[in-house]
Amino acid sequence: MKRILTIQDISCVGKCSLTVALPIISAFGVETAILPTAVLSNHTQFKGFTFRDLTCDIKPIADKWQQENITFNAIYTGFLGSKEQIELVANLFDDFKKDRDFILVDPAMADNGVMYKCFDTEFAKEMAKLCAKADYIVPNLTEASFMLGTPYKENYDEKYIQDMLIKLTDMGAKNALLTGVSFEENKLGAYGYNKETKKFYSYFREKLPVSFHGTGDIFASAFCGALTIGKTDLEASKIAVDFTVESMIKTMENKNHNWYGVDFESAFPFLINRIK
């Protein structure tokens, strides 16, 4: 059985980060190891939350894995809380990456044209360095803009997206996949570029009239899981988009759904059939 290591925080309630990544990747029939960067009582969209920083635990855990000769087929990072954590994770990449494996970075730090309150432009520069070490990166348009040092644009054409993807891979990543891309009012999806083949690929679905916290984590986790079981870039992006949309549809169907997350659990039967 293949094994993925995912590195991000645990929000004990809130359906994001590790509580999303762990079950979704497991649904692909892949063992999922975790390295928590912090523990929160609930995610930060709640009015209040507790927060325990686990930065000091990252290196000792990684050292112990090396002593036990534990290896991974993929390493997938999500929310990292500080520049110090980025440096530690970069070192972990060097220690555990093998030629046959891949690294996927979701530079979770911004959305809708705005950086998360806990980050600044210096953090974006450090995140860009981490993305340079990755085989795949899955930023949204805001995160890509901050890493490239370019103004965020809500109105764009296909050439703009293609140019942005080329610039992202020029930083070092082999593949870049932009999420939340839309060229038509009623369509939304992902647009990617493979630097080695110099080919673009894209996939779009209907744009739903809702927005939920945690959909980026659902997409990145499904994309990572699909790549791990041998799906191509395009196949993995289609699975990730379809599962994200289906999860949102299931949430909308549940009139009593919780406001803080997406009912992705209800979409697991769809996912299992989708990846067969």
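To start, this report covers the structure provided alongside it.

1. Some thoughts on helix α9 (residues 268-275)
Looking only at α9, the buried set comprises Phe-268, Leu-271 and Ile-275. Down the axis of α9, the sector holding all buried residues measures 55°, keeping them to one side. Among the exposed residues of α9, those pointing more than 90 degrees away from its buried face are Pro-269 and Asn-273. Next to the buried residues of α9 lie α1 (18-27) and α8 (233-253).

2. A closer look at unusual backbone geometry
One non-glycine residue with positive phi stands out, namely Asn-69, at about 60°. For Asn-69, the position within the fold is in the loop between α2 (55-67) and β4 (74-77). Located in the positive-phi region is Lys-198, a residue other than glycine, with phi close to 60°. For Lys-198, a relative accessible area of 61% puts it in the exposed group.

3. Let's talk about the environment of Ala-62
With respect to the helices and strands, Ala-62 occurs in helix α2. Taking relative accessible area as the criterion, Ala-62 reaches 8% and is therefore assigned buried. Spatially, the C-alpha atoms of Ala-62 and Ala-27 are 25 Å apart, while their sequence positions differ by 35 residues.

Criteria and thresholds
- Residues numbered from 1 in each chain as written.
- Predicted model: local features only at pLDDT ≥ 70, side-chain atom pairs only at ≥ 80, totals over all residues.
- Heavy atoms only, no water.
- Buried < 20%, exposed > 50% of the residue type's maximum accessible area, 1.4 Å probe, protein only.
- Helix = DSSP H or I, 4+ residues; strand = E, 2+ residues; numbered from the N terminus.
- Arc of directions from axis to C-beta.
- Contact = heavy atoms within 4.5 Å.

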